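Architecture at a glance
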Amino acid sequence: MMKGGWFRVYTLGYLIFLYAPIVLLPIFAFNDAAVIAFPLAGFTTKWFTQLFDEPALRGALANSLIIAVSASVLSTTLGIFASRATTRYKFPFKGGIMGMIMLPLVLPEIILAVALLVVLLGIGVPLSLFTVILGHVLVCTPFSIAILSAAFQALDGSLEEAAYDLGETPISTFRLIILPLVMPGIISSLLITFTISLDEFIMAFFLAGTEATLPVYIFSQFRFPQAVPVIMALGTLLVLSSILLLSIAEYFRRRGIAKTGGKDTGGFL
Amino acid sequence: MTKSAGASRFRGSEAANGLAMISPTATFALLLLAAPLATIFIYSFMTDGYLEIIRDFTFANYVEAWTKELYRVIMLRSLGVSLAVTAATVLLAFPVAYFVSFHVDASRKSLWLFLITIPFWTSYLIRVFLWKVILGYNGVVNSGLLGIGLIDEPLTFILYNVNSVVITLAHAYAPFAILPIFVALEKIDRSFLEAGRDLGESPFMTFLRVTLPLAMPGVISAVLIVFIPTVGDYVTPQLVGGPEGQMVANLIQLQYLKLDNYPMGSALAVTAMGIVTAFSLLFLFLNRRYLKGAK
Amino acid sequence: MTFSAEKSNMIEFKDVHKYYGDYHALRGITATIKAGEFFSLLGPSGCGKTTLLRTIAGFEGISSGAVMIDGKNMEGVPANKRPTNMVFQSYAIFPHLTVAENVGFGLRKDPRSAAEKAKAVTEALEMVGLKGFGNRAAHALSGGQRQRVALARALILKPKVLLLDEPLSALDKKMREQMQVELIKLQRQVGITFILVTHDQEEALVMSDRIAVMFEGEIAQLADPETLYRRPNSRKVADFIGTMNFLPAKILSEADGKVEIDAQGFGPITLNAEQVSGAASSTGASVGFRPETLTILFDGQTAPDRESMAVVEEVVYYGDMTYYDIKLDGSDQPIRLSMRNVFGRPVLDIGTRTRVAWAPGALVVFR
């Protein structure tokens, strides 16, 4: 076990590297100093209090929530279509079509963002929350497909045939068999895409026009050093809510795998 | 209707059903991804006027992108940063993936993966900003090193330059490297390793001759999945890069949002994508023998 | 096949062809399955047996020909409208439903009251030996229990035909043998047509009234188990069903329902014409016989029919049986012979010379 031991030490070190920034977040959120630097200057909750008195922040949060809810619902819907198609049917140009749909997963976001910006302005669509939603759906759909394909893949094709055989139509089969069995995947997809959208900056930065989303607001606040402690407080809350959402998503993903009798093969990606 | 017509209709309907099912998502991607990408490709051959784009075909933007000193420096820097980040991320990630795949109980693997992925899902902006806190003049690293007396005055070469950009990006893309390698390692039949030992190889040579070649498809996807997006990262160079850490995304943003020069911005974007694609294809070509067995 | 004379035709395949692109999966299947019959489609994997079964269920379209169920052409009739139900290889038990919900799944549109449906479910579960299992979660069942749920779920709809796609292949040997007997009993009890797809020749022989042996998209032989075993119509069928020895032979003459052959190790023999089968092959004729049709003669025993000398080349002891590889005098090819190890019977050593009894009636000649 000596070999595993060294790898364990290394991995724990790596985890410290991964978590280092996040651990600092609450430290500075409760640090009683306007400058984000060591040494620490004592405990305070005033940054959190200030946080709730910030009207621009509330507006940005509302925008972000509207966008995240819309984007997660839309991208999951598109994800359901694509995952169902790719796991159930053979059709011409399948590889090419799926490649195109999954492309945003690897393409630098800035290129997607400027391309969308150029086209939207070109055809005269004013920048608004709606344009951000479009951008976010584009970014979120591949993640949704990655999650949902696994859920659809885990479905035994003969379950569907069994339902037809027992007298159900394709539509009632979808409702009675397929939907309940992939539901955990759908919930997991909704939560993940919601989280991605909530955190997405580039698309919102380029496509939001005058409306700020939460990340755009945060980014703008970085220019004012005195605003940063409040952002640390906000970040602490965001991290907590992300972890909560992800834990729920992970719970549903695992339940989905257990339900369809599959084996757990790991994380989201 | 004849029987054979019925049969071909059945076969046709499988493809037709599939296409119908994929069509909403495909249409969306076509309109909001393929068409815009095609548009910036076309824009890159036009000229910027004061209020509108001049629709004449020209290579001028590309000539400028490739010859202007500033652009060339930033393009090369982006590429260099991206290669450094990729190398660092993949090399550092491999032992982690190896540990989770080979030394963690099957029942606890998801927990480890969950732990590894959590930081990735927390606000990217804030994470990047916190690296500024860690690497800054009064930051964690400097306070720590001063505290234990290793240095007499704060280090300045770790923030607002290429180093800080590399460190921050290596942090941000860690899970992207770990997960594909982990998946590839998981697929390796453990009896191959026993066979390697049985045939007289040391554990280390077994790793080199059996494990590593079999894990290569995962390493290759890790390299691509880190390399391609990091070239175009905007936030990290903007927040921790300083003037000497600026990358191509900052340049593109400048052209589009500040200078309103869409054709030039498009030419830079297309050039960046072209370079990334060329490097990726070269990399795939060099590693083609590892991918033959894969699907 | 006199027993089927009074029974009506349940399934008729009329020159059924099926192509997957260029691949010719079914090559002109013509066959009739009687009502109330336990019928098996037997063949190696890829022979088209599952495809043929699925054309009955309606999961596969056909390229040409016709599939008739109870006199009606099934062209264009979808799976959910056919009077057939299927037990899937994977059982396809809906994992999110309880056992009772699974069994009652097909009754959703049944006009009967909820109480009557519940009663039907209870009865169906009782029939397959799962009384009291109704509230169990489906994913908590063992393989054998899943199989029973799948049976109950299909039979509750009182189909005209029950289709079974390799239903026993996922079970262990003991469980499989037990389920074979239960399936036979169940089929007698409900009296409907069962069509079983299997690659296990023993299973087909044990369970079926009639068997269609399929190779490469064609039915090679359709017969009852005994005919199939005793009079396979080709070397291929003979090889697939059980073990058969082959020795080279020459056909000397054919006349008046008699065939004279000269077989290696056996010498010249006269056989009945029905013992000869198969189309002429380029490799020459051969004579085939099962291992149990040869018997080693011990001291004092006499052959009821014919007798030859042989030498023991290999001995494999199985406990209840001993298998010998022997060479008949005048033959250069080893043949297999099986002897039951009844009490007091010795096991011969390698190299022993022994007398062997055989009977011309047990021989089959393949052209």
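Moving on, we come to the overall build of chain B. Across its full length, chain B holds 14 helices and 2 strands. Over its C-alpha atoms chain B spans a radius of gyration of 24 Å, topping by over 25% the 19 Å that the globule rule assigns to 295 residues. Looking at chain B as a whole, 54% of its 295 residues are labelled buried. Excluding contacts between residues fewer than 6 apart, the proportion of contacts in chain B whose partners are at least 24 apart in sequence is 68%. Accessible surface computed for chain B: about 13600 Å², of which carbon and sulfur atoms make up 67%. Each charge class in chain B can be summarised by its mean position, and for the 20 positive and 17 negative side chains these summaries are 11 Å apart.

Moving on to the overall build of chain C. Along its length, chain C carries 8 helices and 21 strands. Viewed in the frame of its principal axes, chain C has a C-alpha envelope of about 75 × 50 × 40 Å. Going through the 367 residues of chain C one by one, you find that 49% of them count as buried. Partitioning the contacts of chain C with sequence separation of at least 6, the portion at a separation of at least 24 is 67%. Accessible surface, chain C: about 16600 Å² in total, of which carbon and sulfur atoms supply 50%. Placing the 43 positive and 43 negative side-chain charges of chain C at their respective mean positions leaves the two points 8 Å apart.

Moving on, we get to the packing of helix H5 (residues 124–135) of chain B against helix H6 (residues 140–147) of chain B. All names here are of chain B. At their nearest, the axes of H5 and H6 sit 4 Å apart, and the two run at 20 degrees to each other. Between H5 and H6, the interaxial angle falls into the category roughly parallel. Taken together, the residues of H6 that come into contact with H5 (itself represented by Val 133, Ile 134 and Leu 135) are Val 140, Val 141 and Asn 142. Looking at side-chain class alone, the contact of H5 with H6 contains 5 nonpolar, 1 polar and no charged residues.

For the rest of this paragraph, the subject is the side chain of Lys 109 of chain B. Its place among the elements puts Lys 109 of chain B in helix H4 (residues 109–117). With near-sequence residues (within four places) excluded, Lys 109 of chain B lies in contact with Val 100, Ser 101, Val 104, Phe 182, Glu 186 and Arg 190 of chain B.

To continue, consider unusual backbone geometry. Backbone geometry follows two general trends: most residues other than glycine have a negative phi, and most peptide bonds adopt the trans configuration. Residue and element names in this part refer to chain C. Positive phi values are uncommon outside glycine, yet Tyr 91 reaches one of about 70 degrees. With respect to the element layout, Tyr 91 can be found in the loop between strand S6 (84–87) and helix H2 (99–103). Relative accessible area serves as the criterion here: at 3%, Tyr 91 is assigned to the buried category.

Quick look at the interface of chain A and chain B now. In this complex, chain A contributes 87 residues to the contact, which on the side of chain B involves 80 residues. Carbon and sulfur atoms make up 83% of the area that chain A and chain B hide from each other, which totals about 7600 Å². Where chain A packs against chain B, one counts 0 salt bridges. Linking chain A with chain B are 7 residue pairs in polar contact (both at pLDDT 80 or more). The element contributing the most residues to the side of chain A that touches chain B is helix H1 (residues 2–29) of chain A, with 18 residues. The residue inventory of the side of chain A that touches chain B, partitioned by class, reads 68 nonpolar, 10 polar and 9 charged.

Another point: the domain arrangement of chain B. Residues and elements named next belong to chain B. Considered domain by domain, chain B is made up of domain 1 (1–43) and domain 2 (62–294). For domain 1 versus domain 2, the distance between C-alpha centres works out to 35 Å. Across the boundary between the two partners, domain 1 contributes 4 residues, which contact 7 residues of domain 2. A combined buried area of about 450 Å² lies between domain 1 and domain 2, and 76% of that area is made up of carbon and sulfur atoms. In terms of surface lost to domain 2, no three residues of domain 1 exceed Ile 40, Phe 41 and Tyr 43, which account for 91% of the buried area on that side. Where domain 1 packs against domain 2, one counts 0 salt bridges.

Often, the extent of an interface is quoted as the loss of accessible area on bringing the components together. According to the domain assignment, chain C contains domain 1 (9–230) and domain 2 (243–367). Spacing between the C-alpha centres of domain 1 of chain C and domain 2 of chain C amounts to 39 Å.

With that settled, the discussion passes to the sheet that holds strand S17 (residues 306–317) of chain C. Residues and elements named next belong to chain C. Taking strand neighbours across the sheet as the criterion, the 5 strands line up as S16-S20-S17-S18-S19 in an open arrangement whose pairing is antiparallel. Because the sheet does not close on itself, it has two edges, and the strands there are strand S16 (295–297) and strand S19 (335–340). Averaged over all neighbouring strand pairs, the angle between strand axes comes to 50 degrees, with direction disregarded. Here S17 pairs with strand S20 (residues 353–358) via 6 bridges, running antiparallel. Residue Ser 308 lies in a different strand from S20, and its bridge partner there is Val 356.

This part covers the packing of aromatic side chains. Evaluation of the coordinates by the stated rule reveals 35 aromatic pairs over all chains. Ring plane angle 35 degrees and centroid distance 5.1 Å describe the contact between Tyr 256 of chain B and Tyr 262 of chain B, whose orientation is recorded as tilted. The same class applies to Tyr 256 of chain B as to Tyr 262 of chain B, namely buried. These aromatic residues form a ring-pair network of at least three members: Phe 7 of chain A together with Phe 94, Tyr 98, Phe 102 and Phe 207 of chain B. Between Arg 288 of chain B and the ring centre of Phe 285 of chain B, over which it is positioned, the NZ or CZ distance is 4.2 Å. In this structure, Arg 290 of chain C packs its charged tip against the face of Tyr 229 of chain C, placed 4.0 Å from the ring centre.

Moving on, we come to the sheet that holds strand S1 (residues 9–20) of chain C. Residue and element names in this part refer to chain C. Ordered in space as S2-S1-S4-S5, the 4 strands form an open sheet in which the pairing is antiparallel. Each edge of the open sheet carries a strand with a single partner, namely strand S2 (23–34) and strand S5 (72–73). Pairing of S1 with strand S4 (residues 64–69) involves 5 bridges; the strand directions are antiparallel. Residue Lys 14 lies in a different strand from S4, and its bridge partner there is Ala 66. The strands touched by helix H1 (residues 49–57) are S1, S2 and S4; relative to S1, the strand with the most contacts, the crossing angle is about 120 degrees.

Parts of the prediction with low pLDDT should not have their coordinates interpreted in detail. Per-residue pLDDT for chain C averages 90, and the proportion of residues at 70 or more is 97%. We note a pTM of 0.80 for the whole complex and an ipTM of 0.81 for its interfaces.

Before going further, it helps to spend a moment on helix H8 (residues 170–199) of chain A. The first and last C-alpha atoms of H8 of chain A sit only 38 Å apart over 30 residues, clearly below the 44 Å expected at 1.5 Å per residue. Of all the bends in H8 of chain A, the largest measures some 50 degrees and sits at Met 183 of chain A, one to four residues before the proline Pro 184 of chain A.

Once that is clear, we can look at the environment of Lys 327 of chain C. All names here are of chain C. As for its position among the elements, Lys 327 is in strand S18 (residues 321–328). Taking the relative accessible area as the measure of exposure, Lys 327 reaches 24% and is therefore partly exposed. Separated by 18 residues in the primary sequence, Lys 327 and Met 309 have C-alpha atoms spaced 8.7 Å apart. In this view, Lys 327 contacts Met 309, Ala 310, Val 311, Glu 313, Asp 332, Gln 333 and Pro 334; residues no more than four positions away in its chain are not counted.

Let us look at the confidence of the model for chain B. On average, residues of chain B score 84 in pLDDT, and 94% of them are at 70 or above. When mean pLDDT is compared element by element in chain B, helix H3 (residues 69–103) of chain B scores highest at 91, while strand S2 (residues 53–54) of chain B scores lowest at 72.

Here we come to the environment of Ala 29 of chain B. Locating Ala 29 of chain B in the fold gives a position in helix H1 (residues 3–43). Separated by 148 residues in sequence, Ala 29 of chain B and Ala 177 of chain B have C-alpha atoms that sit 26 Å apart. Excluding residues within four positions of it along the chain, Ala 29 of chain B makes contact with Met 100 and Ile 101 of chain A together with Ala 34 of chain B.

This brings us to a nonpolar patch on the surface. Residue and element names in this part refer to chain A. A surface patch of nonpolar side chains, amounting to about 230 Å² of accessible area, comprises Val 23, Ile 27 and Leu 40. Inspection of the secondary structure assignment puts Leu 40 in the loop between H1 and helix H2 (46–52). Its relative accessible area of 44% is what places Leu 40 among the partly exposed residues.

So, how was this worked out
- Residues numbered from 1 in each chain as written.
- Chains lettered and ligands numbered in written order.
- Predicted model: local features only at pLDDT ≥ 70, side-chain atom pairs only at ≥ 80, totals over all residues.
- Heavy atoms only, no water.
- Helix = DSSP H or I, 4+ residues; strand = E, 2+ residues; numbered from the N terminus.
- Rg over C-alpha atoms; globule rule 2.2 N^0.38 Å.
- Buried < 20%, exposed > 50% of the residue type's maximum accessible area, 1.4 Å probe, protein only.
- Contact = heavy atoms within 4.5 Å.
- Areas by Shrake-Rupley, 256 points an atom, 1.4 Å probe, with all protein chains shown as cover.
- Lys, Arg positive; Asp, Glu negative; His and termini not counted.
- Charge placed at Lys NZ, Arg CZ, Asp CG, Glu CD.
- Axes fitted to C-alpha atoms, helices over the stretch in contact; angles between N-to-C directions.
- Parallel < 35°, antiparallel > 145°, perpendicular 65-115°, else oblique.
- Nonpolar A, V, L, I, M, F, W, Y, C, P; charged D, E, K, R; others polar.
- Buried area = accessible area lost by both parts, 1.4 Å probe.
- Salt bridge = Lys/Arg side-chain N within 4 Å of Asp/Glu carboxyl O.
- Polar contact = N/O pair within 3.5 Å; in protein donor to acceptor, adjacent residues only side chain to side chain.
- Domains from an automatic or database assignment.
- Pairing = 2+ DSSP bridges.
- Phe/Tyr/Trp six-rings, centres within 6.5 Å; stacked < 30°, edge-to-face > 60°.
- Lys NZ or Arg CZ within 6 Å of the ring centre and 35° of its normal.
- pLDDT = per-residue confidence, 0-100.
- Expected span 1.5 Å × (residues − 1).
- Bend = angle between axes of the 7 residues up to and from the residue.
- Patch = residues over 30% accessible without salt bridge, like charges linked within 9 Å, V, L, I, M, F, W, Y side chains within 5 Å.

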